[in-house]
There are 2 protein chains.
Amino acid sequence: MLSRSEEDHLKAVYSLLQEGADAFTNDVATRLHTKPSSVTVMLKKLADKGLLKHQPYRGVRLTAKGRGLALMLVRKHRLWETFLVDRLGFAWDEVHEVAEQLEHISSEKLVDRLSHYLGEPAFDPHGDPIPDRDGKLPERPTLQLTDCAVGDSVRLVAVKDPSDELLHLLGGKGIGIGARLKLVARHAFDGSFELHTAPKTTHTLSAQVAAHLLVERP
Amino acid sequence: MLSRSEEDHLKAVYSLLQEGADAFTNDVATRLHTKPSSVTVMLKKLADKGLLKHQPYRGVRLTAKGRGLALMLVRKHRLWETFLVDRLGFAWDEVHEVAEQLEHISSEKLVDRLSHYLGEPAFDPHGDPIPDRDGKLPERPTLQLTDCAVGDSVRLVAVKDPSDELLHLLGGKGIGIGARLKLVARHAFDGSFELHTAPKTTHTLSAQVAAHLLVERP
DNA sequence: TCCTTTATTTAGTCCTGTCTAATCTTTTTC
DNA sequence: GAAAAAGATTAGACAGGACTAAATAAAGGA
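Residues numbered from 1 in each chain as written. Chains lettered and ligands numbered in written order. Predicted model: local features only at pLDDT ≥ 70, side-chain atom pairs only at ≥ 80, totals over all residues. Heavy atoms only, no water.

S.K.: Lay out the pattern of salt bridges in plain terms, naming residues and giving numbers.
M.R.: All names here are of chain A. For the coordinates displayed, the defined rule picks out 28 salt bridges over all chains. Note that R155 is salt-bridged to E216, the shortest N-O span being 2.8 Å. Residue R155 is located in strand 4 (residues 153–159), and its partner E216 is located in strand 8 (residues 213–216); the two are separated by 61 residues in the primary sequence. You'll find R155 and E216 in the same group, each marked buried. Here the salt bridges share partners, and the residues they tie into one network are R75, E108, D112 and R133. (Salt bridge = Lys/Arg side-chain N within 4 Å of Asp/Glu carboxyl O. Helix = DSSP H or I, 4+ residues; strand = E, 2+ residues; numbered from the N terminus. Buried < 20%, exposed > 50% of the residue type's maximum accessible area, 1.4 Å probe, protein only.)

Pasting the structure below:
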């Protein structure tokens, strides 16, 4: 049984890793609005419980057990968000704070019944995937960058058939998994894209490259 | 803003008083599965916040503010119980523990929307009244003792048109508000009742008296 | 009434989770 | 490659909430 704070830390680690970044003490502290020293202590506790491996000064990695528990928290959070929006009529931007509280309710039966009541949804109101009771995430409805329109903001979730050459090209532009891409133009001549990876950073990608990039909204 | 523990103590005091008894330190401790010394400390905290008056060695009384907050907790608890039973298909005896957790979720909007979603119910699955958002309890569907059948176990909730003489008669038999009455026989000759007020204590009440007693199940 | 029992409170301890301040690593910069 | 900066950890303090043990108040019985 985890305390509320332990659950918060575990989930913060999970989502940082999910976003492609490493999970460093500072990042966790920022996310939880707390201080790095407090995070260090909690990471040690979670490591002692076998939920993650903590390499001092090097960040953390989740164990299978830790990932499983984190997925159950994500499941609860997203199911409650679905309930709040679909059934109680909350707006999608009002639900996070309340769901943060609801996700700590501990009752497996409640979670499973809620999921059933909602029709076993696979995605929450934000489009995020809801893990099933075994922790399996549904396939994301990914789309190729070439299917996006100018003005879209998307996030890179996978690279299809990643060759060394392709990955090197992307790496050189600072584009990795989790990168946020905003399409600003598309050239009719060769189908190449202009996109922002950051407010002032513009890159050009050929149509061949774009066809390998799987993205999601938002 | 009250802590979870403060809320638990406040609600325990409220329900003890509701049951007609005084709220003594020991009773609160028993109800919360904690020690009297811990309760004393918490009662002091709640008294400092103006939610109750604590007379050392003499028990506590709630202030209007304290009663109001307690009623909001009761409201949340009973609304969630209704949700769990009516919507998620829980059995009535499975819901208490989960509702104990859910009642601490703090979001006025959530409570009001939940109530609306459930059709503004006035009574929970156990038949207990659900306070409205202003803390007002609905009228109980009381029934006269004369409408009860042999074998019923009921609780005295009110005395209709209480005259001094009637109250004196009841007082002499040790029957007061909150008393649990089990009907063991009814005489066809004059409509009088035989009932237990305790396992081995039998009393006889005339039909005239019984008609003044308003009771509830269970 | 005095003494015993029971109920309550007080004092001091411990555990959890947070913080600040100080120390120690790692990375960056010149 | 050494010094500075940034990031992480450790040590020590503190608040909340629980406990045990000891002291105190109220209630009951001889």
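On we go from here.
S.K.: If you had to explain the side chain of H9 of chain B to someone new, which residues and values would you point to?
M.R.: Residues and elements named next belong to chain B. Tracing the backbone shows H9 in helix 1 (residues 4–18). Taking relative accessible area as the criterion, H9 reaches 6% and is therefore assigned buried. Filtering out sequence-adjacent residues up to four positions away, H9 remains in contact with V28, L32, V39, M42 and L46. (Contact = heavy atoms within 4.5 Å.)

S.K.: How would you summarise the protein's contact with DNA strand C if you had to cite specific residues and measurements?
M.R.: The environment of DNA strand C is made up of 20 residues, and the closest members are S3, T34 and K45 of chain A together with T25 and H54 of chain B. Take the atoms of DNA strand C that sit within 4 Å of the protein: sugar and phosphate atoms are 76% of them. The side chain of S3 of chain A places a nitrogen or oxygen atom 2.6 Å from a phosphate oxygen of DNA strand C. Looking at side-chain class alone, the surface near DNA strand C contains six nonpolar, 11 polar and three charged residues. (Near = heavy atom within 4 Å. Polar contact = N/O pair within 3.5 Å; in protein donor to acceptor, adjacent residues only side chain to side chain. Nonpolar A, V, L, I, M, F, W, Y, C, P; charged D, E, K, R; others polar.)

S.K.: Go over the relation of the copies chain A and chain B with me, naming the residues and quoting the values.
M.R.: Turning chain A through 179 degrees and shifting it by 0.2 Å along the axis lays it on chain B, with an RMSD of 0.5 Å. One copy is carried onto the other by what is essentially a two-fold rotation axis. Proximity to the rotation axis, assessed at the C-alpha, singles out L102 of chain A in chain A; its C-alpha lies 3.9 Å from the axis. Same-surface contact between copies: 100% of interface residues of chain A are shared with the interface of chain B. (Least-squares fit on C-alpha atoms with pLDDT ≥ 70 in both.)

S.K.: I'd like a rundown of the packing of aromatic side chains, residues and numbers included.
M.R.: Scanning the model with the defined rule gives six aromatic pairs over all chains in all. Ring geometry for F83 of chain A against Y117 of chain B: centres 6.1 Å apart, planes inclined by 85 degrees, an arrangement best described as edge-to-face. Taken together, the positions of F83 of chain A in helix 4 (residues 64–87) and Y117 of chain B in helix 6 (residues 108–117) put the pair across two chains. Overall, F83 of chain A belongs to the buried group, its relative accessible area being 0%. Here the aromatic rings of W80 of chain B and F83 of chain B are separated by 5.8 Å at their centres, their planes lie at 80 degrees, and the arrangement is edge-to-face. You can see W80 of chain B and its partner F83 of chain B sitting in helix 4 (residues 64–87), three residues apart, about one turn around the helix. Considered together, W80 of chain B and F83 of chain B belong to a single accessibility category, that of buried residues. An aromatic cluster is defined as three or more aromatic residues linked by ring pairs; in this entry it consists of W80, F83 and Y117 of chain A together with W80, F83 and Y117 of chain B. A cation over an aromatic ring shows up here: R113 of chain A above the ring of F90 of chain B, its NZ or CZ 5.3 Å from the ring centre. Its end group placed over the ring of F90 of chain A, K109 of chain B keeps NZ or CZ at 5.7 Å from the ring centre. (Phe/Tyr/Trp six-rings, centres within 6.5 Å; stacked < 30°, edge-to-face > 60°. Lys NZ or Arg CZ within 6 Å of the ring centre and 35° of its normal.)

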